[in-house]
Amino acid sequence: MARHDARNWHDCSKMTGLLCLVASILLQHGASGQRVKVEPEVSSYPGQTVTLRCAFTDPTGIQLTMVTWIYEPKDGDRINIAVFHPNFDPNYPESPLKGRVSFSPSPPSLSSPSIQISDVRMTDEGRYICEYATYPSGNEQGITFLVMLAKPQNSASIVTVVAGAKQVVVAKCESANGRPAAQINWVTTANGNATTKSEPGADNTVTVSSEYRMIATPVHNGKDISCVVTHRTQTKAESFPLKLAVQYAPQVEIVGYDNNWYLGRTNVLLTCHAKGNPVPVSVLWKTMSGEMPDTVQVNGNELKVLKVDEAVNTTFVCEVKNRIGTGRDQVTAVVREPTVNPSNAGVVAGAVIGSLLALLLVAALIAVLVTRSRRQQQGYRANGGSDMKTRIFGSGKKASKNGTGGGAGSGSVGGGNNNGPIYVYNESSSHQGLAEKNNHHQPLTIGGRPEVVATTPTAQDILLSNELDDAERRKFDELEEEERYDHFSGGAPILQLRPHDQDDMIGDYLDDDMESQRDGSVISRTAVYV
């Protein structure tokens, strides 16, 4: 147990000592590096001239003795390429850079011993160390890394694959002969993964290539995928958009069957849709029974049934081929009994609706006519009401006063009726012709004396007359009960006579009011309205 603990302590002591050594070296390097000033990195393209700067910033209390430039390639030993001592001329030992390296400016100085490398090559890339020999501090140095740049040649391509269940390379991308190595990324919605590798190229360049792998299916055909190359020599990333190319056997679908193939139906169509990569080259229609019905016509990817009968009660198959394989689809047709033609049903429905509308129109017309007839009848009965005025030839009381009532000269009809003739007119009418027609008198001779008889109101009078209210209708009915309508032989106009209750009014009325006319008739100068 004690031996095990001692071994562990010894291991820890060794580890601690190593860490302390590394820390001291780093501190010394940091302290020295603070006074020897150089550029951490310098980049250049092949064929150019590059300057590597170096300076000792604070030589206070320190004696600078000599400056040496050392080249340390990535793989290889350190090589002295330039040496300067103030007491001697600059020296350039044998190296891959001899003849192309020199101090700048010339002659150099210990405070600023920079160098120039002309016609730089890709192999010149590496670490360049500016090292001072000082007293009493010893050697102090600064390190510059020279990066050689080479713009790569970028490209990308699609790999045509066949759909399957294994991962395959579907796209490739390459950045050739670049320095430093480029970075390649893939952008796509297709699920997969990329593998990238770098290989040394000509003249110390690097070629980076990447492949995108995935399980290719028909749905991936035509999907977008892009290769994006990023390099130090490019101001922005370079993108290469591509489309996946996945080959697969035709995928077939028959469309057009509506499950309504009834006997006698004509011109039904089935269409065989197919897609594949490469494009299908042939389409074949056949039936499960082996024979194509006589009423069927085939034209490319279309199958037309001219007339549905029992022969088409079968299964139709469409086969499509391309270089990858064959795809097929089938439809089983079921022939049904005939159904009512939708067009005839529409005609019947239209006829029924039209008949109903016609009946409704006729009923409405009849209702209008009946209403009109009733209004005309009411209007006829209303003549002589509130808007109709009756002229009479005298009044009973006034005739008695003048002593002219009831005599034979009065021309009374049937003996003792001394009332004069009555005629009516519609004063509310706006038509002058109608007023004249209503005021027209027909002479009638009674007892050898001409009398004036009023004519019967016409249909136009009735239609143009205003309707009476209930109170005036009642007045009209009372008047109608008192009037007498006597019909003369031969269809002559009737003479309306007003009964006289007071005979003493007629004489005065006839003396003052009656006026003889040229045709032998007499009319009243004034009108008495009742």
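A brief structural summary. (Residues numbered from 1 in each chain as written. Predicted model: local features only at pLDDT ≥ 70, side-chain atom pairs only at ≥ 80, totals over all residues. Heavy atoms only, no water.)

1. A look at the nonpolar core
- Counting 28 residues, the largest nonpolar core has Leu52, Trp69, Ile81, Ile117, Tyr128 and Tyr132 as its most contacted members.
- Counting only elements with at least two residues in this core, the list comes to β3 (50-52), β4 (54-56), β5 (63-73), β6 (79-84), β7 (101-103), β8 (115-117), β9 (126-135) and β10 (138-148).
- In terms of residue count, the dominant contributor to this core is β5 (four residues).
- Membership of the second largest hydrophobic core comes to 20 residues, among which are Val161, Val208, Ile225 and Leu244. (Core = buried A, V, L, I, M, F, W, Y, C linked by side-chain atoms within 4.5 Å. Buried < 20%, exposed > 50% of the residue type's maximum accessible area, 1.4 Å probe, protein only. Helix = DSSP H or I, 4+ residues; strand = E, 2+ residues; numbered from the N terminus.)

2. Details of the pairing of strand β23 (residues 296-299)
- For β23 and strand β24 (residues 302-307), the ladder comprises four bridges, and the chain directions are antiparallel. The residue of β24 that forms the bridge with Asn299 is Glu302.
- In this structure, the hairpin formed by β23 and β24 is closed by a connection of two residues, where Gly300 is found at a positive phi of approximately 65 degrees. (Pairing = 2+ DSSP bridges.)

3. Thoughts on the sheet that holds strand β25 (residues 315-321)
- Taking strand neighbours across the sheet as the criterion, the three strands line up as β22-β25-β26 in an open arrangement whose pairing is antiparallel. Looking along the sheet, the strands with just one partner apiece sit at the ends: β22 (282-287) and β26 (326-332). Taking the axes of each pair of neighbouring strands and ignoring which way they run, one obtains an average angle of 15 degrees across the sheet.
- Sheet analysis places β22 next to β25, joined by six bridges and oriented antiparallel. Bridge pairing in β25 links Leu284 to Glu319. (Axes fitted to C-alpha atoms, helices over the stretch in contact; angles between N-to-C directions.)

4. Quick word on the sheet that holds β6
- Taken together, the five strands give an open sheet; going across it, the order is β2-β10-β9-β5-β6, and neighbouring strands pair in mixed fashion. The open sheet has two edge strands with one neighbour each: β2 (41-44) and β6. Strand-to-strand, the axes of this sheet are offset by a mean angle of 25 degrees, without reference to chain direction.
- Note: β2 against β10, four bridges, orientation parallel. What sits directly across from Ser43, in β10, is Val147.

5. Points about the side chain of Thr205
- Among the structural elements, Thr205 can be located in the loop between β15 (193-200) and β16 (206-215).
- In contact with Thr205, other than residues within four places in its own chain, are Met122, Ala150, Asn177, Gly178, Arg179, Glu199 and Pro200. (Contact = heavy atoms within 4.5 Å.)

6. Section: the environment of Gln183
- Position of Gln183 relative to the elements: it lies in strand β14 (residues 183-188).
- Residue Gln183 is classed as exposed on the basis of its relative accessible area of 54%.
- Along the sequence, Gln183 and Ser210 sit 27 residues apart, while their C-alpha atoms lie 9.5 Å from each other.
- If near-sequence neighbours (up to four positions away) are discounted, Gln183 is found in contact with Val228, Val229 and Thr230.

7. Describing the state of the cysteines
- If you walk through the whole model with that rule in mind, you get three disulfides.
- In this model, Cys54 is linked to Cys130 through a disulfide, with the two sulfur atoms separated by 2.0 Å. On the S-S bond that ties Cys54 to Cys130, the torsion sits near -80 degrees, and the link is left-handed. With Cys54 in strand β4 and Cys130 in strand β9, the pair connects residues that are 76 residues apart, well separated along the chain.
- In this model Cys173 forms its disulfide with Cys227; the gap between the sulfur atoms is 1.7 Å. Looking down the S-S bond of the Cys173 and Cys227 bridge, the torsion is -70 degrees, so its handedness is left-handed. With Cys173 in strand β13 (residues 167-178) and Cys227 in strand β17 (residues 224-230), this pair connects stretches of sequence that are 54 residues apart.
- On the basis of relative accessibility, which here comes to 0%, the residue Cys227 falls in the buried class. (Disulfide = S-S within 2.5 Å.)

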